[in-house]
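Below are the chains, spelled out letter by letter.
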Amino acid sequence: MPFHIKPYKIVILVNYVATNPNQFFQTGFDECDGGKMANSIELKFRKIQKEFLEFLKYTKGHADTTCYNYNSDLNIWITWLTEEELDWRKCKPVDVEHFVSYLSKKGTGAHAVARKISCLSTFYKWAKRRDHVQDDPIYLIDKPKRPSRMPVWLESEEQDEFMRAMRNYDDIPETIFGRSKTSSVKIRQRYELLFELIQKSGLRISEALGLKTSDVRVVDGVAKSVRVIGKGNKERQVPLPESFGRVFSVSIADKNRDEYLFAKKPGGKPIGQHAVRAYLKKLVEKAGIDKKVTPHKLRHTYATRLLEKNVQLIDIQALLGHESIATTQIYTHAGQERLSKLVADI
C-alpha cells in the first residue's frame, strides 16, 4: 500500500518478495494526484536500500521474513525523513531521537521501536563502510532498550487439555462450506501433527512448515530427527522423542521425498503461517486455555519442559538454534518465577 505523505510528495511503496532470486525486493514509486515523482535524494536512497537488502539476503544469509522487516523499517524511516524534509545522508543523532519520539507518539511499542533503531544502526554501519554516508547518526544516541518479556508457555496440564481438544473431532460438522467431515478431519490431523511436532522439537513455525520428507531421518520405522535450516541459513539436526517418532514416521510414509510435510495438497506449497495461527487459536479456545497461545509459545513450552528435566542451558540453546546463549537464558527466568509461585504459600 502506498503511503501518501503530503500533496505532491510520495514515498514508496510497493514491496514484495519476488520469485526470481535476482529480484528479491523491489521498490517502486507512485504519485499523488497531480503530484511529482520522488526527488533525487529519495531515488538514491531506494538504490542503496536495494543494495543493502541484497547484502542481508545473499551475503549475510538472513531469512526472507527478516529482510522484509528491514525493508519495512527503512520505508518508515524514509517516509518520516521526507515529511520532515531531511536528507538521509546528513542525519544527526538528534534527528534519530526525534524519529523515536515520533514513533512513540504514534503508539509504536517499545519492542518495535527498538527493532527499527537496530535496523537503522545496521543500515548506517553498512552504508558508512561503503562510503554512502560520512557519519553514522545512530552511533552516538542512547538506543532504546527492549523491555524484557517473560516467555509464555503451557503447563503440563494445559498441554494435556490442548492435546485432548485437538484429538476430539466432535466439534467438526458433517459438512461445512461444501467440505465433508472426512476432509475436515484430515485437515485437523495435519494441524495436529504440526502442533505436536513443534511441542516435541521446539522448531520455529517457519522451520516446521519448510520441512520436506527428505529432511526427516527415519531408522527402522522411527523418525529419529529432522534437518532444519534456521535463522542465518544455519543447519541443525533436531532429535525427536521415540514415541512421537513412530507416529511421525507413519504419518509421512506415503509422501514423496521432495514433498512438503505440511502441504495443502500433495506436491503443493505448505500452509501459510496466518492460517496456522488462526487454527491454533480455535483449538486453544476449545481446550478452555486462558492464554494467548501462538506457535512460538509452543516452542517456549518445549524449552520449558527441557528445563524442568534439568537439561543444560547450552544443550537447549543448540536444540532451539539460538545464536546467543543470552536468548536461551529467558527460560531460566521462567523457571525462577515458577519456583517463586511454589513457595509463595509456605
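Analysis parameters
Residues numbered from 1 in each chain as written. Predicted model: local features only at pLDDT ≥ 70, side-chain atom pairs only at ≥ 80, totals over all residues. Heavy atoms only, no water. Pairing = 2+ DSSP bridges. Helix = DSSP H or I, 4+ residues; strand = E, 2+ residues; numbered from the N terminus. Axes fitted to C-alpha atoms, helices over the stretch in contact; angles between N-to-C directions. Contact = heavy atoms within 4.5 Å. Core = buried A, V, L, I, M, F, W, Y, C linked by side-chain atoms within 4.5 Å. Buried < 20%, exposed > 50% of the residue type's maximum accessible area, 1.4 Å probe, protein only. 1 Å grid on protein atoms, 1.4 Å probe; cavity = no way out; pocket = protein on both sides within 12 Å on 5 of 7 lines; lining within 4 Å. Points joined across faces, edges and corners; volume = space filled by probe spheres on them. Salt bridge = Lys/Arg side-chain N within 4 Å of Asp/Glu carboxyl O.

> Please explain the pairing of strand 6 (residues 222-229) as it appears in this structure.
The two faces of a sheet get side chains in turn, since along a regular strand they alternate between them. With four bridges joining them, strand 5 (residues 216-219) and strand 6 adopt antiparallel strand pairing. If you follow Arg217 over to strand 6, its bridge partner there is Ser225. What sits between the antiparallel neighbours strand 6 and strand 7 (residues 235-239) is a turn of five residues, in which Gly232 has the positive phi angle 70 degrees.

> It is not clear to me how the packing of helix 6 (residues 181-201) against helix 10 (residues 295-308) should be interpreted in this structure. Could you clarify?
The description of two helices packed together rests on the angle between their axes and the distance between the axes. In contact at an axis separation of 7 Å, helix 6 and helix 10 are set at 35 degrees when each is read in the N-to-C sense. Facing Phe195, Ile198, Gln199, Lys200 and Ser201 of helix 6, the residues of helix 10 in contact are Pro295, Leu298, Arg299 and Tyr302.

> Would you mind going over the nonpolar core with me for this structure?
Taken as a class, soluble globular proteins show a tendency for nonpolar side chains to be buried jointly. In terms of nonpolar packing, the biggest core is built from 37 residues, with Phe162, Leu194, Phe195, Leu197, Val226 and Phe248 touching the most fellow members. Of all elements in the fold, only helix 5 (156-167), helix 6, helix 7 (205-209), strand 6, helix 8 (242-251) and helix 9 (273-286) reach the threshold of two or more residues within this core. Counting residues per element, this core draws most heavily on helix 6, which supplies six residues. Beyond its immediate sequence surroundings of up to four residues, Val226 is in contact with Leu203, Leu211, Asp215, Val216, Arg236, Gln237, Val238, Leu240 and Phe248. With 30 residues, the next largest nonpolar core counts Leu53, Trp77, Leu120 and Ala127 among its residues.

> I keep staring at unusual backbone geometry and nothing clicks. Help me out?
Generally, phi is negative for residues other than glycine and the peptide bonds are trans, each holding for most cases. Although it is not a glycine, Asp131 adopts a positive phi angle of roughly 60 degrees. Position of Asp131 among the secondary structure elements: in the loop between helix 4 (110-129) and helix 5. Within the chain, Asp220 stands out as a residue other than glycine whose phi angle is a positive 55 degrees. With respect to the helices and strands, the residue Asp220 is situated in the loop between strand 5 and strand 6. Classification of Asp220 by relative accessible area gives exposed; the value is 75%.

> Is there a simple way to think about the layout of surface pockets in this case?
To locate leftover empty space, one rolls a probe as large as a water molecule over the atoms. Volume-wise, the second largest pocket comes out at about 500 Å³. Contributing to the lining of the second largest pocket are 18 residues, with Lys186, Gln189, Arg190, Ser251 and Lys255 lying nearest its centre. Residue assignment for the lining of the second largest pocket shows that the elements contributing at least two residues are helix 6 and helix 8. Top element by residues in the lining of the second largest pocket is helix 6. It accounts for seven residues.

> Explanation requested: the pattern of salt bridges in the structure shown.
Should their charged atoms come close, side chains of opposite charge can pair. Using the criterion set out here, one finds 18 salt bridges in the structure. Between Asp87 and Arg89 there is a salt bridge; the shortest N-O distance is 3.1 Å. Asp87 gets classed as buried once you look at its relative accessible area, which sits at 14%. Glu158 is paired through a salt bridge with Lys291; the nearest N and O atoms lie 2.8 Å apart. With Glu158 in helix 5 and Lys291 in the loop between helix 9 and helix 10, the pair connects residues that are 133 residues apart, well separated along the chain.

> Where do I start with the sheet that holds strand 7 in this structure?
In sheet architecture, strand pairing relies on hydrogen bonds along the backbone and comes in two forms, parallel and antiparallel. Read from one edge of the open sheet, three strands run 5-6-7, paired in antiparallel fashion. Looking at which strands have only one partner, the edges of the open sheet turn out to be strand 5 and strand 7. In this sheet, adjacent strand axes meet at a mean angle of 20 degrees when their direction is disregarded.

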